[in-house]
Amino acid sequence: MALTIDKTQTAVLALDLTNDIVDERGAFKDFGFAAQVKDRGVLSKARRVLDAARKANVLVAHVSVKYRKGYPERAINCGMWQAVVQMGALIEGSWGVQVHPDVAPLPGEPVVAKHGISAFCNSDLGAILRAKGVRTLILMGVGTNFVVEGTARDASDQGYNVFVVEDCCAAASKDAHEMALKSALPFLATITKSDEVIAALK
């Protein structure tokens, strides 16, 4: 069944498609994310969705996790954040937190800084979406079981209609990606693919 999307109340969110995470030279290159992004062709597919959204005058927003030097915004309360600090990654103003050039923001598109897993974590994303009257979110990004799932959870709790573009997402491994798609995400969002979203945005 074809997707139906109200373009006047929709936003496409590109989540953590930043150099440290998706580039093979990034800080997390040894974690598997960049390899999975390359193998799955995530960036080229995401770019097609972004272009379709822009053509349809749908809001596009880019979300990236970043911190000031010293990580004052972040409690180092688990292994993930300990690793980030040890690597000195995700520092505001660095190459690592810039959106990858293949999916770079256009002038006027909001780039939202977050300080945790979900796109809503200590960010102004909610204010932007409310100001634009957005009720439907189209999510794509890395990792599937981190920012995508975390954002889907928060968005569902807040009453948004959520779509996850699964071929525009990746995790540290194929198994981790597929597990996220089989466990929580089907109960939080409509799982779809880039071609279906692009068709719905025409």
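Residues numbered from 1 in each chain as written. Predicted model: local features only at pLDDT ≥ 70, side-chain atom pairs only at ≥ 80, totals over all residues. Heavy atoms only, no water.

Peer 1: So what about the overall build of the protein? Which residues, and what values?
Peer 2: When helices and strands are tallied, the protein shows 9 helices and 6 strands. Its C-alpha atoms put the protein at 45 × 35 × 30 Å along the principal axes. Within the protein, the proportion of its 202 residues that are buried is 54%. Of all intrachain contacts in the protein linking residues separated by at least 6 positions in sequence, the fraction that spans at least 24 positions is 78%. Working note: accessible area of the protein is about 9300 Å², and carbon and sulfur atoms make up 51% of it. Side chains of the protein carry 23 positive and 22 negative charges; the gap between the two charge centres is 3 Å. (Helix = DSSP H or I, 4+ residues; strand = E, 2+ residues; numbered from the N terminus. Buried < 20%, exposed > 50% of the residue type's maximum accessible area, 1.4 Å probe, protein only. Contact = heavy atoms within 4.5 Å. Areas by Shrake-Rupley, 256 points an atom, 1.4 Å probe, with all protein chains shown as cover. Lys, Arg positive; Asp, Glu negative; His and termini not counted. Charge placed at Lys NZ, Arg CZ, Asp CG, Glu CD.)

Peer 1: I'd like a rundown of the state of the cysteines, residues and numbers included.
Peer 2: Under the definition given, this model contains 0 disulfides. The structure places no disulfide on cysteine 168, whose sulfur is separated from the nearest cysteine sulfur, that of cysteine 169, by 6.7 Å. (Disulfide = S-S within 2.5 Å.)

Peer 1: Please provide a residue-by-residue account of the sheet that holds strand S1 (residues 10-15), values included.
Peer 2: What the 6 strands build is an open sheet, ordered S3-S2-S1-S4-S5-S6; its pairing is parallel. Unpaired on one side and paired on the other, strand S3 (111-114) and strand S6 (190-192) mark the two borders of the sheet. Strand-to-strand twist of the sheet, defined as the mean angle between neighbouring strand axes without regard to direction, takes the value 25°. Of the strand pairs in this sheet, strand S2 (residues 59-65) and S3 are connected by 4 bridges, and their pairing is parallel. Within S3, the position partnered with histidine 62 by the bridge is valine 111. Contacting S1, S3, strand S4 (136-141) and strand S5 (161-165), helix H6 (residues 144-157) runs over the sheet at an angle of about 170° to S4. (Pairing = 2+ DSSP bridges. Axes fitted to C-alpha atoms, helices over the stretch in contact; angles between N-to-C directions.)

Peer 1: Mind laying out unusual backbone geometry, listing which residues take part and the relevant values?
Peer 2: Following valine 142, the chain continues to glycine 143 via a peptide bond in cis, the omega torsion being 0°. Locating glycine 143 in the fold gives a position in the loop between S4 and H6. In this model, tyrosine 71 sits at a positive phi of 55°, which is unusual for a non-glycine residue. Among the secondary structure elements, tyrosine 71 is positioned in the loop between S2 and helix H4 (79-87).

Peer 1: Describe the pattern of salt bridges, naming the residues involved and giving the relevant values.
Peer 2: Scanning the model with the defined rule gives 11 salt bridges in all. In this structure, lysine 114 engages aspartate 16 in a salt bridge whose closest nitrogen and oxygen atoms are separated by 3.1 Å. In this pair, lysine 114 is assigned in strand S3 and aspartate 16 in the loop between S1 and helix H1 (19-22), connecting sequence segments 98 residues apart. With respect to burial, lysine 114 and aspartate 16 carry one shared label: buried. (Salt bridge = Lys/Arg side-chain N within 4 Å of Asp/Glu carboxyl O.)

Peer 1: Tell me about helix H2 (residues 33-40), residues and numbers included.
Peer 2: Turning to H2, its buried residues are Phe33, Ala34, Gln36 and Val37. Along the long axis of H2, the arc covered by the buried residues comes to 165°, so they all point the same way. Opposite its buried face, H2 presents the exposed residues Lys38 and Asp39, each directed more than 90 degrees away. Contacts made by the buried residues of H2 are with H1, helix H3 (42-55) and helix H7 (174-182). Glycine 41 occupies a position one or two residues after H2 and carries a positive phi of about 65°. (Arc of directions from axis to C-beta.)

Peer 1: How would you explain the nonpolar core if you had to name every residue and give the values?
Peer 2: By size, the foremost hydrophobic cluster in this structure holds 42 residues, and its most contacted members are Val12, Leu17, Leu90, Met140 and Val142. For this core, the leading source of residues is H3, giving 7 residues. Not counting chain neighbours up to four residues away, the residues in contact with leucine 90 comprise Asp20, Phe28, Val65, Lys66, Tyr67, Val84 and Val97. Grouped together as the second largest cluster of nonpolar side chains are 29 residues, Leu59, Ala119, Phe120 and Leu139 included. (Core = buried A, V, L, I, M, F, W, Y, C linked by side-chain atoms within 4.5 Å.)

Peer 1: Talk me through the packing of H6 against H7; I want residue IDs and the actual numbers.
Peer 2: Where H6 contacts H7, the two axes come as close as 9 Å, and the packing angle between them is 25°. Between H6 and H7, the angle falls in the class roughly parallel. Seen from H6, the contacting residues are Thr144, Asn145 and Glu149; seen from H7, they are Ala176, His177, Ala180 and Leu181. (Parallel < 35°, antiparallel > 145°, perpendicular 65-115°, else oblique.)

Peer 1: Outline the environment of lysine 69, listing residues and values.
Peer 2: Relative to the helices and strands, lysine 69 is located in the loop between S2 and H4. Its relative accessible area of 74% is what places lysine 69 among the exposed residues.

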